[in-house]
Amino acid sequence: MRSPAWARAVNDAKDTDALDALFAGLPPTLTVEEVSELLNISRQNTYAWLREGVIPGYKIGTTWRVIRDELKETMRRSANVPHRRETHRPHPEEEQED
């Protein structure tokens, strides 16, 4: 079984950003089918994400088109980033006066 495009891209990305590797070689505009394959999601889910604005797209008549670089930047902005653990700050009422 062939691994999904995203998995191959992550494995192949050595000196480049994984998203750059994922999107390398793709045309400037993508079809719903291409986006579905790229993200390894169903076409129905892709259409839903387009309608909901989760991923950027343009509907021309009955056809959706996705600009490759807009999708890449959306994914870059949406990447999970570990949150810094905040140190405990005492509530003003917990602070003691000297």
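Residues numbered from 1 in each chain as written. Predicted model: local features only at pLDDT ≥ 70, side-chain atom pairs only at ≥ 80, totals over all residues. Heavy atoms only, no water.

*Asks:* Would you take a moment to explain the sheet that holds strand 3 (residues 63-67) for this structure?
*Replies:* The strands that make up a sheet are held in pairs by hydrogen bonds between backbone atoms, and each pair lies either parallel or antiparallel. What the three strands build is an open sheet, ordered 1-3-2; its pairing is antiparallel. Single-partner strands in this sheet number two, and they are strand 1 (29-30) and strand 2 (58-60). With two bridges joining them, strand 1 and strand 3 adopt antiparallel strand pairing. Of the residues in strand 3, the one forming a bridge with Thr 29 is Ile 67. Across the sheet, helix 5 (residues 68-77) touches strand 1, strand 2 and strand 3, and the angle it forms with strand 3 is around 65°. (Pairing = 2+ DSSP bridges. Helix = DSSP H or I, 4+ residues; strand = E, 2+ residues; numbered from the N terminus. Contact = heavy atoms within 4.5 Å. Axes fitted to C-alpha atoms, helices over the stretch in contact; angles between N-to-C directions.)

*Asks:* Where do I start with the nonpolar core in this structure?
*Replies:* Among soluble globular proteins, nonpolar side chains are generally buried collectively. Counting 14 residues, the largest nonpolar core has Phe 23, Leu 30, Val 35, Leu 38, Leu 50, Val 66 and Leu 71 as its most contacted members. For this core, the elements supplying multiple residues, two or more each, are helix 2 (18-23), helix 3 (32-39) and strand 3. At four residues, helix 3 tops the list of elements feeding residues into this core. Among all residues touching Leu 50, those that are not within four sequence positions of it are Val 32, Ile 55, Pro 56, Gly 57, Trp 64 and Val 66. (Core = buried A, V, L, I, M, F, W, Y, C linked by side-chain atoms within 4.5 Å. Buried < 20%, exposed > 50% of the residue type's maximum accessible area, 1.4 Å probe, protein only.)

*Asks:* I'm lost on the pattern of salt bridges in this one. Help?
*Replies:* Side chains bearing opposite charge may pair, as long as their charged atoms lie close to each other. For the structure on display, the rule yields six salt bridges. When the shortest N-O distance is used, the salt bridge between Asp 17 and Arg 76 registers 2.9 Å. Of this pair, Asp 17 sits in the loop between helix 1 (5-12) and helix 2 while Arg 76 sits in helix 5; the two residues are 59 residues apart in sequence, bridging distant segments of the chain. Between Asp 20 and Lys 72 there is a salt bridge, and its shortest N-O distance comes to 2.9 Å. A residue pair is termed long-range when its members are at least 10 positions apart, and Asp 20 in helix 2 and Lys 72 in helix 5 qualify at 52 residues. (Salt bridge = Lys/Arg side-chain N within 4 Å of Asp/Glu carboxyl O.)

*Asks:* Could you clarify how one ought to interpret helix 3 in this entry?
*Replies:* Owing to its 3.6 residues per turn, the α-helix brings residues three or four apart onto one side. Within helix 3 the residues assigned to the buried category are Val 32, Val 35, Ser 36, Leu 38 and Leu 39. Angular distribution of buried residues about the axis of helix 3 spans 165°; they occupy a single face of the element. The positive-phi residue at the C-terminal boundary of helix 3 is Asn 40, with phi of around 55°. (Arc of directions from axis to C-beta.)

*Asks:* What is the right way to look at helix 5 in this model?
*Replies:* Along helix 5, the residues classified as buried are Leu 71, Lys 72 and Thr 74. Projected down its long axis, helix 5 shows its buried positions confined to an angular sector of 160°, all on one face. Contacts from the buried residues of helix 5 go to helix 2, strand 1, helix 3 and strand 3.

*Asks:* Please clarify how the environment of Thr 29 should be interpreted in this entry.
*Replies:* Along the chain, Thr 29 falls in strand 1. When the C-alpha atoms of Thr 29 and Gly 57 are compared, they prove to be 9.7 Å apart, with 28 residues separating the residues in sequence. Beyond its immediate sequence surroundings of up to four residues, Thr 29 is in contact with Glu 34, Val 66 and Ile 67.

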